[in-house]
Amino acid sequence: DVSSLPFKLHDFGARGVSSFESAELGGAAHLVNFMGSDTICALPYLAELYNAPIDSICYSIPAMEHSTVTSWGKEGEVDAYRNMVKQFAKPGAILACVSDSYDIYQACEYWGTVLKDDVINSGATLVIRPDSGDPLVVLPKMLKILEKHFGSTVNEKGYKVLNHVRVIWGDGIDRLALSSILRVVVDVCHWSADNLAFGMGGGLLQKVDRDTQKWAMKCSAVRVNGEWRDVFKDPITDSGKTSKKGRVTLFKGTDGKYYSGREDWMQDELVTYYDTGKLVLDQTLEEIRQRSNQVA
């Protein structure tokens, strides 16, 4: 169900980046397209610079951390989980429980036997978090164990959806990992993507550079003695690095797609935001989100 998409990639990445400022920038960028985040410093950043009401920027849920399990001792693992359910589970609530401190498969058995009634009777949705291993192996096995105990239904698209429980994978997530996991879980094992959410760390919050989208900014024109001159590079060893020539701007073609070219081609689409240090156009976070959704 694509209506849940804004909450399918949760930002856990603040600790995985180089600085507080990196967390602000990356966390703010993440929140253009998603609504779940634990990168708190992105909130005042967006509230101040993009006029966003701070209570509508993003959301999070109660979630266990490894020490909140292991401090109970291995023999108290089930008690740790039960305490979490007791403290935070209520009708309509969602809570996340990291469950791989010892044996993720045994933990799924605990959830489906000893704690099953606690989960169902609470009316909450339990999100189980494995945090280690190969997701292409761990996730299918987990889903099978949870289906055995909680059951599943088949949605209108023909994919299975677990009852009462979900899974979040937050270890080593990048674009390739996301694609690989969904390929196996959805296409091979026929589980709906509704069963999954992902937690992103520094690999998505900061590991983005100019080569991610093959984008770079180069000088393309210079005016010498009143005359404009093309400036460009064209390496014989790598044609992919050939840069654009002349005074370049952005246009929209008759097909609705954007193209860049010389400014004398047709009316350009660029909008001035800053001019000689002055802010000309002030936009809100909501306006940016709406524009991003239109492009998507």
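Here, the structure is the one placed above.
Note that the coordinates shown come from a computational prediction; the quantities given were computed from them, not determined experimentally.

Visitor: What exactly am I supposed to notice about helix 7 (residues 135-150) here?
Guide: Since the α-helix advances by 3.6 residues per turn, residues separated by three or four positions end up pointing in the same direction. The end-to-end C-alpha separation of helix 7 is 21 Å, in line with the 22 Å expected for 16 residues at 1.5 Å each. All buried positions along helix 7 are accounted for by Pro135, Val138, Leu139, Met142, Leu143, Ile145, Leu146, His149 and Phe150. Buried residues in helix 7, looked at end-on, bunch into an arc of 165°, giving them a common side. Looking at helix 7, the residues exposed on the side facing more than 90 degrees away from the buried face are Val137, Lys144 and Lys148. Where helix 7 starts, the residue carrying a side-chain oxygen 3.0 Å from the main-chain nitrogen of leucine 136 turns out to be aspartate 134.

Visitor: Can you help me understand unusual backbone geometry in this one?
Guide: Peptide bonds are trans in most cases, and residues, glycine excluded, mostly fall at negative phi. Positive phi is not limited to glycine here, since histidine 190 has a value of about 65°. You will see that threonine 276, though not glycine, has its phi angle at about 45°, which is positive. Tracing the sequence through the fold places threonine 276 in the loop between strand 12 (274-275) and strand 13 (278-279). The exposed category is assigned to threonine 276, whose relative accessible area is 76%.

Visitor: Even after reading the chapter, I still don't get the side chain of serine 292, so can you show me in this structure?
Guide: Positionally, serine 292 belongs in helix 10 (residues 285-295). At 2.6 Å, the side chain of serine 292 and the side chain of asparagine 33 are in polar contact.

Cut-offs applied
Residues numbered from 1 in each chain as written. Predicted model: local features only at pLDDT ≥ 70, side-chain atom pairs only at ≥ 80, totals over all residues. Heavy atoms only, no water. Helix = DSSP H or I, 4+ residues; strand = E, 2+ residues; numbered from the N terminus. Expected span 1.5 Å × (residues − 1). Buried < 20%, exposed > 50% of the residue type's maximum accessible area, 1.4 Å probe, protein only. Arc of directions from axis to C-beta. Polar contact = N/O pair within 3.5 Å; in protein donor to acceptor, adjacent residues only side chain to side chain.

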